[in-house]
Amino acid sequence: MNIQRAFCDIEQLKTADLGTLMERASLVRDAQWGKNITYSRKVFVPLTNMCRDTCGYCTFVKHPKSKEAFLLTPEQVLKIARDGEREGCKELLFSLGEKPERRYKIARNALNRLGYHRLTDYLADMCSMVLEKTSLLPHVNAGTLDDEEIKKLKLVSASMGMMLETLSRRLTRNGGAHFACPDKIPIQRIRTMERMGRNDVPFTTGLLIGIGETWEERIEALQTINTCHRRFGHVQEVIIQNFTPKSDILMSSHPEPTRDEMLRAIAIARLILDPEISLQAPPNLSDRHIDYIAAGINDWGGISPITKDYINPEKDWPEIRALNKSTISKGFSLKERLTVYPRYQREPKRFLSARAMNRVNELAGQDGLAKRQVHSEI
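The paragraphs below set out a description of the structure included in this document. (Residues numbered from 1 in each chain as written. Predicted model: local features only at pLDDT ≥ 70, side-chain atom pairs only at ≥ 80, totals over all residues. Heavy atoms only, no water.)

Each helix and strand counted, the chain has 14 helices and nine strands in total. Taking 378 residues into account, the globule formula puts the C-alpha radius of gyration at 21 Å, and the chain, at 20 Å, falls close to it. A principal-axis box enclosing the C-alpha atoms of the chain has dimensions of 60 × 50 × 35 Å. Taken across its 378 residues, the chain has 61% of its residues classed as buried. Within the chain, counting contacts between residues at least 6 apart in sequence, those at least 24 apart form 75% of the total. Surface exposure of the chain reaches about 15600 Å², of which carbon and sulfur atoms provide 48%. Side-chain charges of the chain comprise 57 positive and 48 negative groups, with the mean position of each set lying 3 Å from the other. (Helix = DSSP H or I, 4+ residues; strand = E, 2+ residues; numbered from the N terminus. Rg over C-alpha atoms; globule rule 2.2 N^0.38 Å. Buried < 20%, exposed > 50% of the residue type's maximum accessible area, 1.4 Å probe, protein only. Contact = heavy atoms within 4.5 Å. Areas by Shrake-Rupley, 256 points an atom, 1.4 Å probe, with all protein chains shown as cover. Lys, Arg positive; Asp, Glu negative; His and termini not counted. Charge placed at Lys NZ, Arg CZ, Asp CG, Glu CD.)

Here we take up the environment of T224. Locating T224 in the fold gives a position in helix α8 (residues 215–232). Along the backbone, T224 and V235 are 11 residues apart, and their C-alpha atoms lie at a distance of 12 Å. Apart from the residues within four sequence positions on either side, T224 is in contact with L167, I190 and M193.

A word on the nonpolar core. Ranked by internal contacts, the top residues of the largest apolar core, which has 93 residues, are L47, F94, L123, I240, I266 and W300. Excluding residues that lie within four positions of it along the chain, L123 makes contacts with L47, F94, L96, V140, A142 and L153. (Core = buried A, V, L, I, M, F, W, Y, C linked by side-chain atoms within 4.5 Å.)

Now for the pairing of strand β8 (residues 299–303). Among the five residues in β8, five count as buried, and that is most of the element. Two strands pair when backbone bridges link them, and strand β1 (residues 36–48) and β8 are joined in this way by three bridges, in the parallel orientation. The residue bridging T38 from the neighbouring strand is D299, located in β8. (Pairing = 2+ DSSP bridges.)

It is the contact of helix α7 (residues 186–198) with α8, at a shortest axis distance of 9 Å, that shows an interaxial angle of 20°. For the element pair α7 / α8, the angle class is roughly parallel. When the axes of α7 and α8 are compared, the crossing they make is right-handed. Mapping the contact onto sequence places I190, M193, E194, G197 and R198 in α7 and T224, I225, C228, R231 and F232 in α8. Along the lines of polarity and charge, the residues of the contact of α7 with α8 split into five nonpolar, two polar and three charged. (Axes fitted to C-alpha atoms, helices over the stretch in contact; angles between N-to-C directions. Parallel < 35°, antiparallel > 145°, perpendicular 65-115°, else oblique. Left-handed = near helix turned anticlockwise from the far one by under 90°. Nonpolar A, V, L, I, M, F, W, Y, C, P; charged D, E, K, R; others polar.)

Our focus in this paragraph is the packing of aromatic side chains. Throughout the structure, instances matching the rule amount to four aromatic pairs. On the numbers, 5.2 Å between centres and 65° between planes, the contact of F44 with Y310 is edge-to-face. Residue F44 is found in strand β1, and its partner Y310 is found in the loop between β8 and α11 (320–329); the two are separated by 266 residues along the sequence. Since its relative accessible area comes to 2%, F44 is described here as buried. (Phe/Tyr/Trp six-rings, centres within 6.5 Å; stacked < 30°, edge-to-face > 60°.)

Inspection of the entire model under this criterion finds 30 salt bridges. The partner of D30 in a salt bridge is R29, with the nearest N and O atoms 2.6 Å apart. For R29, a relative accessible area of 3% gives the class buried. E149 is paired through a salt bridge with R118; the nearest N and O atoms lie 3.9 Å apart. Within this pair, whereas E149 is found in helix α6 (residues 147–154), its partner R118 is found in the loop between α4 (105–113) and α5 (119–133), the two being separated by 31 residues in sequence. Residue classification places E149 among the buried residues on the basis of a relative accessible area of 4%. Each of the salt bridges in this network shares a partner with another, and the network as a whole consists of R118, D121, E148, E149 and K152. (Salt bridge = Lys/Arg side-chain N within 4 Å of Asp/Glu carboxyl O.)

Let's shift gears to unusual backbone geometry. Trans is the common state for peptide bonds, and a negative phi is the common state for residues other than glycine. Positive phi, normally seen in glycine, also occurs at E165, with a value near 70°. Looking at where E165 falls in the secondary structure, it is placed in the loop between β4 (159–161) and α7. Judged by relative accessible area, which is 9%, E165 ranks as buried. Within the chain, D200 stands out as a residue other than glycine whose phi angle is a positive 55°. By secondary structure assignment, the location of D200 is in the loop between α7 and β5 (203–209).

See the structure below:
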């Protein structure tokens with residue numbers, strides 16, 4: 001029997017015994033990924049925290065008039081990158097607000113002072129600088145993008161990401177998590193995911209669990225991701241991330257998902273998605289993250305030994321040596337990977353620019369994982 005077909009409709013996925021779901025999901029994971037759980041050792045560069053969207057759960061974004069708003073200079077970017085190099089990082093994650101220059105004059109003026117009219121053009125040049133002046137591989141989370149922007153960024157990065165989050169249009173209405181957020185309209189996210197596929201970009205996406213969406217909407221979003229991947233073969237990983245309330249957000253009193261809710265979401269994702277798609281859940285957003293292994297994850301995502309999680313600043317990254325020990329305690333080995341997964345490295349002419357592939361060749365071992373496994377040396 002095909003394990004993934006054992007639960008064939010939404011109602012079964014919602015109501016099936018959780019232990020059975022997790023067991024089936026673990027079997028799928030083991031058959032595809034074996035007994036390794038991977039992670040990427042990264043340095044986190046928040047290029048700007050200005051954004052034209054105002055998501056109800058976001059603490060990262062600041063209004064351009066706020067004293068906390070910023071746009072990093074090239075010198076600041078390079079300093080953070082070199083600090084990451086010294087700590088053995090191999091990935092540089094660029095995170096930024098979406099298109100603030102389209103909404104705010106202050107953001108446009110800040111870009112103009114650096115010689116740019118568009119944030120994605122500045123981002124592309126910062127990726128190029130990282131490739132030229134450091135040993136790191138850029139990964140960019142720039143939100144919704146058009147084909148021209150994707151082509152430009154692909155030349156200077158190894159992979160890109162954009163959380164689908166949800167396909168719920170209800171949440172774009174007044175009072176919803178995505179109200180007044182033009183880049184969070186579901187069709188815009190889907191179109192960007194499809195453009196990434198047409199442009200052969202190794203792509204990361206995922207769901208944000210607990211912002212008001214239903215189980216039906218979660219399952220529909222996973223099915224949409226899987227359908228897109230079957231067309232293009234570009235979705236390298238899917239993140240199942242839990243909403244966490246914070247005191248300074250509009251959704252400060254909104255409940256976070258329960259442990260069992262997260263375990264069910266992870267197991268369902270593993271059963272819906274193509275087994276070749278890596279499945280991860282952030283280890284810093286739950287004290288019970290080690291339980292996620294039993295639900296079917298094969299990856300912990302990016303973990304920084306030097307920079308905080310700017311999206312969830314109150315949640316410290318786990319210490320990598322401690323994560324290694326806890327992963328081993330569950331019968332798995334912790335392995336460091338690069339931002340681009342091995343199977344995309346095997347088709348460099350399709351998925352990677354020459355500059356990105358040259359850097360991959362410097363950092364990857366024969367198995368496509370990190371040549372130097374830093375966590376095992378300390």
